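# Close look at the chain arrangement
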Amino acid sequence: MASVSYDNATRLYPGSDTPAVDGLDLEIADGEFLVLVGPSGCGKSTSLRMLAGLEDVDDGAIRIGDRDVTDVRPKDRDIAMVFQNYALYPHMTVAANMGFALTNAGRPRDEIARRVGEAAKILDLSALLDRKPRALSGGQRQRVAMGRAIVREPAVFCMDEPLSNLDAKLRVSTRTQIAGLQRRLGVTTVYVTHDQVEAMTMGDRVAVLDRGVLQQCATPRELYTRPVNAFVAGFVGSPAMNLVTVPVAGDSIPLGGVSIPLPRASLSGTARSGSVTVGIRPEDLRPAGAGVDGLEVVVDVVEELGADAYVYGTLRGSPGAVTADGTTLIARVDARTPPERGATLRLVPDPERTHLFDGTTGTRLA
C-alpha cells in the first residue's frame, strides 16, 4: 500500500491545442478511496490511465509512495487495473483468470491457489472457480475482475468505471460491496465514474474535474454544502442545484417576485457592478406561508419517487421587473400530497442555505 501524488501532471494529445489533463495537483493518502468524477471528456479517465502508465505524462510527475513512476513501465508500477469491460479471458476458468498475473510472474502453484482461494472467499466466488466467463452474470464477471486485482496484492487499485455495464439495481448493491471491500483491504484506490451519485456514496474524497482542470477535491459532504464554484454546485447533487444568474440591485438580488438580501461580506468588486448566480438546492425551497412573498413557480412535471417527490416548474417574475422569469426550478415537495401539473406554487428559499457565486467567474462568494 502507498500514497499517490500527481505533481502538476499534464497530458496533451498530439494534434490538440488543449490539454486533456492540465496541471493536475492531487495528493491521495495511503489507504484512501478517491473518486475522480466529471462530465464526459473532463480528463478523469486520462488521469487514471496516466497513473497506470497507459498514457504518457507530458509535463509534471506522478509518484506512488516515494517513488517517481512517471517513466516506469505499467507492469512495474505495482498497480492493479479494473476495466469497464472486465477484460476477462473467455477460454479460461474463473480461477485461471484470477490467477493469470501470478502465473505470468512465475509464482509457485500452491501460492497462486492460496491467493486465488482467499480472494474468491472474500468475493463469494468459491463455487464458481471452475466456470468460464460466459457462464457468469454481469455482476459475477465484475467480481472476478475485482478478484484478479486483489490476488496481486498491489499498492494501488485503479478502477475505470467498473459498474457501467451493470443494471441500475445491481450497480447499487455492487458499489456498496466495492466500498466495503476496499475499506477491509485498506488498499489505496483511485476510482473513475461519470455518475456523481456513485461518487458521493463511495469516496472518502471526491475530485471534480472539468475540461482537464481540477475544480475541487473534498469530502462528499463538503462538496455538497460548500462547492467552490458554480460548476461544482451544478454538477454535485441529484437533482441538480438550481442556478439562476441575476443582476445585483444594491444590496439585494431580485429573483422572481422576491428580493433576496445580499450580505455585504458577499460583495466583491465584480459582483457589486455585475451579476450574481444564486444557487438553491431543491430541498431548500419551502412553501411560502400565508401573506409571505415567494417565488411563483408553475408546475410543468412532477416526479414521484416513492419517499420523495420533485416538481420541475417555470419561474414567473413580477410584471416589469428585471428577474429570472422563465427559468426552470426544481423543488422537493411532500410525496404524500404532490401538486398537479399546471398548479402554481409559491416557494421561499432557506436563506441559511442559499449559495452565491460571482455571475461572471462562477467563483463562490464569501
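Per an unreviewed UniProt entry, the protein chain is named Trehalose import ATP-binding protein SugC, and its organism is Pseudonocardia autotrophica.

### Observations regarding the sheet that holds strand E18 (residues 328–333)
The antiparallel open sheet is built from five strands, whose spatial order is E15-E19-E16-E17-E18. Strands with a single pairing partner mark the edges of an open sheet, and in this sheet they are strand E15 (285–287) and E18. Across the sheet, the mean angle separating the axes of adjacent strands is 50° when strand polarity is ignored.

### As for the UniProt feature "domain: ABC transporter" (unreviewed entry) in the protein chain
Per the UniProt record, "domain: ABC transporter" (unreviewed entry) is found at residues 4–236. In the segment residues 4–236, helix accounts for 36% and strand for 24%; the C-alpha atoms at its two ends are 24 Å apart.

### A short note on the domain arrangement of the protein chain
Assigned domains of the protein chain: these are domain 1 (4–230) and domain 2 (240–358). Of note, the centres of domain 1 and domain 2, computed from C-alpha atoms alone, are 39 Å apart. Between domain 1 and domain 2, the buried area comes to about 480 Å², and carbon and sulfur atoms account for 58% of it. In terms of surface lost to domain 2, no three residues of domain 1 exceed Tyr224, Pro227 and Ala230, which account for 85% of the buried area on that side. Counting across the domain 1 and domain 2 interface gives zero salt bridges. Remark: the boundary between domain 1 and domain 2 carries two residue pairs in polar contact (both at pLDDT 80 or more). Here the element with the most residues in the side of domain 1 that touches domain 2 is helix H8 (residues 220–225); it accounts for three residues. A class-by-class count of the residues in the side of domain 1 that touches domain 2 yields four nonpolar, two polar and no charged.

### Side note on the sheet that holds strand E11 (residues 242–247)
Spatially, E11-E14-E20 is the arrangement adopted by the three strands of the open sheet, whose pairing is antiparallel. Each having just a single partner strand, E11 and strand E20 (355–358) make up the two edges of the open sheet. With strand direction ignored, the average angle separating the axes of adjacent strands in the sheet is 30°. As paired elements, E11 and strand E14 (residues 275–280) share six bridges and run antiparallel to each other. Across the sheet, residue Asn242 finds its bridge partner in E14, namely Ile280.

### A word on the environment of Ile62
Within the secondary structure, Ile62 is located in strand E4 (residues 59–64). Placed 53 residues apart in sequence, Ile62 and Ala9 show a C-alpha to C-alpha distance of 6.8 Å. Dropping the residues within four chain positions of it, Ile62 is found in contact with Ser5, Tyr6, Ala9, Met50, Leu51, Val57, Arg67, Asp68, Val69 and Thr70.

### Things to note about the layout of surface pockets
Looking at the largest pocket, its volume works out to about 680 Å³. The wall of the largest pocket is formed by 22 residues, among which Ile79, Ala80, Met81, Ala101 and Arg152 lie closest to the centre. Elements with a minimum of two residues in the lining of the largest pocket: strand E6 (79–82), helix H3 (100–104) and helix H5 (138–150). Broken down by element, the lining of the largest pocket gets its largest block of residues, four residues, from H3. Residues of the lining of the largest pocket, tallied by class, amount to 15 nonpolar, one polar and six charged.

### Focus: helix H4 (residues 109–122)
Counted at 1.5 Å a residue, the expected span for H4 with its 14 residues is 20 Å, and the 20 Å between its end C-alpha atoms agrees. For H4, the set of buried residues is Glu111, Ile112, Arg115, Val116, Ala119 and Ala120. In a view along the axis of H4, the buried residues occupy a sector of 160°, so they form one face of it. Summarising the geometry of H4, the exposed residues directed more than 90 degrees from the buried face are Asp110, Ala113 and Lys121. At its buried positions, H4 is contacted by helix H2 (94–98), H3 and H5. Backbone geometry just downstream of H4 places Asp124 in the positive-phi region, at approximately 60°.

### Considerations on the state of the cysteines
Inspection of the entire model under this criterion finds zero disulfides. For Cys158, which is in no disulfide, the shortest distance to another cysteine sulfur is to Cys217 and amounts to 16 Å. Of all cysteine sulfurs in the structure, the one in Cys42 sits closest to Cys217, which takes part in no disulfide; the separation is 13 Å.

### Points about the packing of H5 against helix H6 (residues 168–185)
Running from N to C, H5 and H6 point in directions that differ by 15°, and their axes come no closer than 11 Å. In terms of axis orientation, H5 runs roughly parallel to H6. The chirality of how H5 crosses H6 is right-handed. Taken together, the residues of H6 that come into contact with H5 (itself represented by Gly139, Gln142, Arg143, Met146 and Ile150) are Leu170, Thr174, Gln177, Ile178, Leu181 and Leu185. In terms of residue class, the contact of H5 with H6 is built from six nonpolar, four polar and one charged.

Conventions we followed
- Residues numbered from 1 in each chain as written.
- Predicted model: local features only at pLDDT ≥ 70, side-chain atom pairs only at ≥ 80, totals over all residues.
- Heavy atoms only, no water.
- Pairing = 2+ DSSP bridges.
- Helix = DSSP H or I, 4+ residues; strand = E, 2+ residues; numbered from the N terminus.
- Axes fitted to C-alpha atoms, helices over the stretch in contact; angles between N-to-C directions.
- UniProt positions renumbered as here; feature names shortened; annotations may be inferred.
- Domains from an automatic or database assignment.
- Buried area = accessible area lost by both parts, 1.4 Å probe.
- Salt bridge = Lys/Arg side-chain N within 4 Å of Asp/Glu carboxyl O.
- Polar contact = N/O pair within 3.5 Å; in protein donor to acceptor, adjacent residues only side chain to side chain.
- Nonpolar A, V, L, I, M, F, W, Y, C, P; charged D, E, K, R; others polar.
- Contact = heavy atoms within 4.5 Å.
- 1 Å grid on protein atoms, 1.4 Å probe; cavity = no way out; pocket = protein on both sides within 12 Å on 5 of 7 lines; lining within 4 Å.
- Points joined across faces, edges and corners; volume = space filled by probe spheres on them.
- Expected span 1.5 Å × (residues − 1).
- Buried < 20%, exposed > 50% of the residue type's maximum accessible area, 1.4 Å probe, protein only.
- Arc of directions from axis to C-beta.
- Disulfide = S-S within 2.5 Å.
- Parallel < 35°, antiparallel > 145°, perpendicular 65-115°, else oblique.
- Left-handed = near helix turned anticlockwise from the far one by under 90°.

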